[in-house]
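Structure at a glance
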Amino acid sequence: QVQLVESGGGLVQPGGSLRLSCAASGFTFSLYRMSWYRQAPGKERESVARIAGSGGITNYVDSVKGRFTISRDNAKNTVYLQMNSLKPEDTAVYYCNAYLFQDYWGQGTQVTVSS
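Quick look at the structure, then.

What counts and how
Residues numbered from 1 in each chain as written. Predicted model: local features only at pLDDT ≥ 70, side-chain atom pairs only at ≥ 80, totals over all residues. Heavy atoms only, no water. Buried < 20%, exposed > 50% of the residue type's maximum accessible area, 1.4 Å probe, protein only. Helix = DSSP H or I, 4+ residues; strand = E, 2+ residues; numbered from the N terminus. Pairing = 2+ DSSP bridges. Core = buried A, V, L, I, M, F, W, Y, C linked by side-chain atoms within 4.5 Å. Salt bridge = Lys/Arg side-chain N within 4 Å of Asp/Glu carboxyl O. Phe/Tyr/Trp six-rings, centres within 6.5 Å; stacked < 30°, edge-to-face > 60°. Lys NZ or Arg CZ within 6 Å of the ring centre and 35° of its normal.

**A closer look at the pairing of strand E11 (residues 109-113)**
On a regular strand, one side chain projects to one face of the sheet and the next to the other, so that they alternate. Burial of the side chains of E11 is restricted to one face: Thr109, Val111 and Val113 are buried, whereas none of Gln110 and Thr112 on the reverse face is. Bridge analysis of strand E2 (residues 10-12) against E11 gives three bridges, and the strand direction is parallel. Bridged to Val12 within E11 is Val113. Of the strand pairs in this sheet, strand E9 (residues 92-99) and E11 are connected by three bridges, and their pairing is antiparallel. The partner of Tyr94 across the bridge, within E11, is Thr109.

Structure (structure tokens):
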């Protein structure tokens, strides 16, 4: 049974940092491209960052470049999203995604950036 379980969300002030984690099980983690998506109220879900199975290739949406870092630990079947210099516009539900010919999704974790 495939499971993706996100954690690490919460309320943070502008300029602050959070680290999201996504623990995966039920599939061969190292073969899958892993991504973080987010969805703000009233907006479509967007891809924020992705990382290849080997961890050697990463991509980011322009709005988070230089502030967010995606990484993975294939020994722990976990992908991370380090978020620094957070802005109110980063407020959203963040979802973990695994892709190899089909998509798997986590349940999401809320990130709220507000003073």
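What follows continues from the structure just given.
**A look at unusual backbone geometry**
Its identity is not glycine, yet Asn77 carries a phi of approximately 50°, on the positive side. A positive phi angle, close to 50°, is found at Ser85, a residue other than glycine. On the secondary structure map, Ser85 appears in the loop between strand E8 (78-83) and E9.

**Looking at the pairing of strand E5 (residues 46-51)**
As judged from the five bridges shared by strand E4 (residues 33-39) and E5, these two strands associate in the antiparallel manner. Residue Met34 lies in a different strand from E5, and its bridge partner there is Ile51. Counting the residues in the hairpin turn of E4 and E5 gives six residues, including Gly42, whose phi is positive at 80°. The pairing of E5 with strand E6 (residues 58-60) spans three bridges and is antiparallel. Paired with Ala49 across the two strands is Tyr60, which belongs to E6. What sits between E5 and E6 in their antiparallel hairpin is a turn of six residues, with Gly55 showing a positive phi close to 85°.

**With respect to the nonpolar core**
Ranked by size, the top nonpolar core spans 29 residues in total, and within it Leu4, Met34, Trp36, Val79, Leu81, Met83 and Tyr94 carry the most contacts. Elements with a minimum of two residues in this core: strand E3 (18-25), E4, E5, strand E7 (68-73), E8, E9 and E11.

**Describing the pattern of salt bridges**
Where side chains of opposite charge bring their charged atoms close, a pairing between them can arise. Under the definition given, this model contains four salt bridges. For Lys65, the salt bridge identified is with Asp62, shortest N-O distance 3.0 Å. Its salt-bridge partner being Arg67, residue Asp90 comes within 2.8 Å of it at the nearest N-O pair. Of this pair, Asp90 sits in the loop between E8 and E9 while Arg67 sits in the loop between E6 and E7, and the two are 23 residues apart along the sequence. Classification of Arg67 as buried rests on a relative accessible area of 10%. One salt-bridge network, held together by shared partners, links Arg38, Glu46, Arg67 and Asp90.

**Side note on the packing of aromatic side chains**
Counting across every chain of the model gives five aromatic pairs. Summarising the aromatic geometry, the rings of Tyr37 and Trp105 are spaced 4.9 Å apart at their centres and angled 65° between planes, so their arrangement reads as edge-to-face. With a gap of 68 residues between them, Tyr37 in strand E4 and Trp105 in strand E10 (residues 103-105) connect regions that are remote in the sequence. Residue class for Tyr37 comes out buried when judged on its relative accessible area of 15%. Site record: aromatic cluster; members linked through ring pairs are Phe27, Phe29, Tyr32 and Tyr104. Over the aromatic face of Tyr80 sits the side chain of Arg19, whose NZ or CZ is 4.0 Å from the ring centroid. Arg45 extends its terminal NZ or CZ atom over the ring of Tyr95, reaching a point 3.8 Å from the ring centre.

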